[in-house]
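Take a look at the letters that make up each chain.
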Amino acid sequence: MVQNIIDVKNLSKSFDISYKEPGLKGTIKHFFRRQTKSLKVIKDISFEIKEGEIVGFLGANGAGKTTILKMLCGLIYPSEGSILVSGYLPFRRKENFLKNITLIMGQKQQLIWDLPPIESFYLNASIYDLDKFEAKKRIKKLSEMLEIDEELFIPVRKLSLGQRMKSELLAALIHEPNILFLDEPTLGLDINAQRNLRKFLQKYNKETNATICLTSHYMKDITSLCKRVICVHEGAISYDGKLNLLLKKLSPVKEILIVCRSEKDAITLENSGFTVKNKSKNEITIKIENNSITSSLKTILNNFDIEDLFINEPPIDEIIGKVLIKNDYDI
Amino acid sequence: MNFRKYLKIYKKFLHTSLASELEYKTNILVDLITAILSLIGSIFLLSIFFQNNGYIGGWKFEQALIIQAIYTILNGITNTWFNPNLTEIVKHIREGTLDFVLLKPIDSQFFISLKKINPSGFLEIMLGFFLLIFCIRVNQISLNLIFMTLSLITICCSICILYSLWFFISTTTIWFVKTWNAIEVLRSFLYIGRFPLNSFSFSLRIFFSIIIPIAFITTIPSEVFLGLSQLWKILLEVIVATIFLITSRKFWLFALKFYSSASS
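Figured I'd write up the structure that's included with this text. (Residues numbered from 1 in each chain as written. Chains lettered and ligands numbered in written order. Predicted model: local features only at pLDDT ≥ 70, side-chain atom pairs only at ≥ 80, totals over all residues.)

## Quick look at the interface of chain B and chain A
The accessible area lost on association of the parts is a frequent measure of interface size. Convention followed: We call two residues in contact when their backbone-placed C-beta atoms lie within 7 Å. Counting from the N terminus, the helices are the DSSP runs of H or I reaching at least four residues and the strands are the DSSP runs of E reaching at least two. Charged residues are taken to be Asp, Glu, Lys and Arg, nonpolar residues to be Ala, Val, Leu, Ile, Met, Phe, Trp, Tyr, Cys and Pro, and polar residues to be all remaining types, Gly included.
Chain B puts 21 residues into the contact, and the matching count from chain A is 28 residues. Elements represented by at least two residues in the side of chain B that touches chain A include exactly α1 (3-21) and α4 (98-102) of chain B. Residue classes in the side of chain B that touches chain A are distributed as seven nonpolar, seven polar and seven charged.

## Details of unusual backbone geometry
Residues and elements named next belong to chain A. Convention followed: Every C-beta atom is placed from the backbone, and the number of other C-beta atoms within 10 Å of a residue's own sets its class: buried at 20 or more, exposed at 12 or fewer, partly exposed in between.
Non-glycine residue Ser86 carries a positive phi angle of around 55°. In this structure Ser86 comes out as partly exposed when scored by C-beta crowding, with 19 C-beta atoms within 10 Å. Of note, Glu176 is a non-glycine position whose phi angle comes to about 50°, a positive value. Along the chain, Glu176 turns up in the loop between α6 (161-173) and β6 (179-183). A tally of 16 C-beta atoms within 10 Å means that Glu176 is categorised as partly exposed.

## Examining the packing of helix α2 (residues 25-52) of chain B against helix α6 (residues 120-138) of chain B
All names here are of chain B. Rules: Working convention: axes come from line fits to C-alpha atoms, limited for helices to the stretch in contact. Angles between N-to-C directions cover 0 to 180 degrees. By definition in this entry, angles of less than 35 degrees are roughly parallel, angles greater than 145 are roughly antiparallel, angles of 65 to 115 are roughly perpendicular, and the rest are oblique. In this scheme, a crossing is called left-handed if the near helix is turned counterclockwise away from the far one by less than a right angle; it is called right-handed if the turn is clockwise.
Following both chains from N to C, one finds α2 and α6 inclined at 25°, their axes separated by 8 Å at the closest point. With respect to each other, α2 and α6 are oriented roughly parallel. Considering only the axes of α2 and α6, their crossing is right-handed. The residues of α6 that touch α2, namely those facing Ile28, Asp31, Leu32, Ala35 and Leu39, are Ser120, Leu123, Glu124 and Leu127.

## Some points on the packing of helix α5 (residues 132-146) of chain A against α6(A)
The description of two helices packed together rests on the angle between their axes and the distance between the axes. All names here are of chain A. With their axes 10 Å apart at the nearest point, α5 and α6 run at an angle of 145° to one another. By crossing handedness, the relation of α5 to α6 is classed as right-handed. In this structure, α5 uses Ile139, Leu142, Ser143 and Leu146 to contact α6, whose residues at the interface are Lys166, Leu169, Leu170 and Leu173. In terms of residue class, the contact of α5 with α6 is made up of six nonpolar, one polar and one charged.

## Observations regarding the sheet that holds strand β13 (residues 306-312) of chain A
All names here are of chain A. Formally: Being paired, for any two strands, means DSSP has found at least two bridges between them.
What the four strands build is an open sheet, ordered β11-β12-β10-β13; its pairing is antiparallel. Two strands in the sheet have a free side with no partner beyond their single neighbour: β11 (275-280) and β13. If you compare each strand with its neighbour and ignore which way they point, the axes differ by 20° on average. In this structure, strand β10 (residues 253-260) lies alongside β13, joined through six bridges in antiparallel fashion. Bridge pairing links Ile258 to Leu309 in β13. Contacting β10, β11 and β12 (283-289), helix α10 (residues 263-270) crosses the sheet at an angle of about 150° to β10.

## A few points about the nonpolar core
The following threshold applies: We call a set of buried Ala, Val, Leu, Ile, Met, Phe, Trp, Tyr and Cys residues a nonpolar core when their C-beta atoms link them within 7 Å.
Ranked by size, the top nonpolar core spans 75 residues in total, and within it Leu72(A), Leu170(A), Phe181(A) and Cys213(A) carry the most contacts. Residue contributions to this core peak at six residues, all from α6(A). With residues up to four places along the chain from it excluded, the contact list for Leu170(A) reads Pro117(A), Phe121(A), Ile139(A), Leu142(A), Ser143(A) and Leu146(A). Of all hydrophobic cores here, the second largest spans 50 residues; its members include Ile66(B), Ile93(B), Leu165(B) and Phe225(B).

## Quick notes on α2(B)
For clarity, the cut-off: A helix's residues, less one, multiplied by 1.5 Å, set its expected span.
With 28 residues, α2(B) ought to run about 40 Å at 1.5 Å a step, and its terminal C-alpha atoms sit 43 Å apart, in line with that. Across the 28 residues of α2(B), two count as buried, placing the element largely on the outside.

## Focus on helix α3 (residues 61-95) of chain B
Counting along an α-helix, one turn takes 3.6 residues, and residues three or four places apart therefore face a common direction. Residues and elements named next belong to chain B. For clarity, the threshold we go by: To obtain the bend at a residue, axes are fitted to the seven residues ending there and to the seven starting there, and the angle between these axes is taken.
A rise of 1.5 Å per residue sets the reference length of α3, with its 35 residues, at 51 Å; its end C-alpha atoms lie 47 Å apart and thus fit the reference within 8%. In the structure, α3 departs most strongly from a straight axis at Phe82, where the bend amounts to approximately 50° and where the proline Pro84 lies between one and four residues downstream. At the C-terminal side of α3, Gly96 shows a positive phi close to 80°.

## Focus on the pairing of β6(A)
All names here are of chain A. Of all five residues in β6, five are buried, a share of seventy percent or more. As judged from the five bridges shared by strand β5 (residues 101-105) and β6, these two strands associate in the parallel manner. Across the sheet, Met105 pairs through a bridge with Asp183, a residue of β6. With five bridges connecting them, β6 and strand β7 (residues 211-215) associate as parallel partners. Counterpart to Leu182 in the pairing with β7 is Leu214.

## What about the sheet that holds strand β1 (residues 4-19) of chain A?
All names here are of chain A. Spatial strand order, β2-β1-β4: three strands in an open sheet with antiparallel pairing. Sheet topology places β2 (35-50) and β4 (80-85) at the edges, where each strand pairs with a single neighbour. Across the sheet, the axes of successive neighbouring strands diverge by a mean angle of 30°, strand direction being ignored. Pairing geometry for β1 and β2, over twelve bridges, is antiparallel. For Ser14, the partnering residue across the bridge sits in β2 and is Lys40. Sheet contacts for helix α2 (residues 65-72): β1, β2 and β4; angle to β1, the most-contacted strand, approximately 120°.

Shown next, in the form of structure tokens:
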């Protein structure tokens, strides 16, 4: 049986946030008497993550995804509740715990700006107590997986964003952590760089059985990497489960555009009991429920003379986006 | 704490930091020229003060030069280690890159206090030592083991006090976010350390001994060099340095509990 590697129970976090009124008067008032309010950004959440799982955290900006990741890796003290990661209390930041995890942030970097990435890798290797031989071996292996070579010897400031992100990944993985916390790792990358990064993460997970917790605003990252998602809305978990079940729930029907050979066929199809969205000449768009899609298509192909057929899936970004804003799972 | 591991990491810090700085040759050259001109300017200024009256606060010009030498060494240490590292703490906290430091399996205070060095500060340290050797000859100070030990202890204590004060102020960034001004004020106070404590009024002497212990930083080591220091003063400096070091450490660990990291 696969063990739970992350165990979160009734976790809450509050921050003191200061408020400022607009204008000069507000500025002076704010300078002398700062008004603060305690804001509960994470509200009583509980979840478990199994070893080797890739879990995506979904939520609108400010929903609390990054705060959850930062509490999981021990950067922020929780206000209430308990967290156990790999058997450790993260906020104690014990050496063995830190050797087991890594945090990668798409918008922040740890590489030394003026030096080639290789220098940062060897620095990290000495911090993680790796000898030169072992460090060299791991750099070689990871650089092959990430498909970077010459870039290792070029100053970081001269690298492209994609090359820099790959180097950041290598620096963060040199100690071969079991748990990866990734906060928007594909932020700002072009489509090819995003795809390469996702490919690498899939391969890394497969080869090392590492657990990956990921936040991203790019739905492609989530759909291609995560089987399970945790949706966060205003600091609370609104959905925790399989991604395909969520999509089925949110989008129970598919639209199918059928191009018939003759208009007569299209008329017959229109009157054969399917839910028709629209029809023009020999083209007809029907709606079919996800669970009956195979049998329905079989019937159509066997009984009608079909020239062409298109299955239109509603864009995932659109479906999830609506859920994240409205927190309504019955759309 | 694994001493060998930390030594190995420090060697790497030295290597990467030197390599980073050497990327900008002109900058290093300007820093070196600034260090030389700054020392010449300070000695010139000091000589103007002593022009009309041979003594200030009971100190001769040649004796006051010892304070200048110790100040130059300390300023060199400040520019080599404290300035590049401790001013970065503010940046780390403001931009949230302290996250990377806290997630490394080494002591975070060690990491943020020693990661960088500014090689041009070495010249200042060397110039300070040359001036000190010159002062030892001019003031006919005899070098013996007790003298050497006491001067080393007091200079080390001075470094600890200065580091702790700076680190303490930088740590408050966790709550106040911006503390550049406080660090500038500390640096300004340090300039005052170039003059003998006795040359100030009684109230200022109390202020610079108790509130901001600049007096401990330069005057006491200088008194040791001149054989003017009393044992209780040296002991007091050791106690003050120990208290400052421990307090800054405890304060850092306490402050980290309030670290909220920057938003993404």
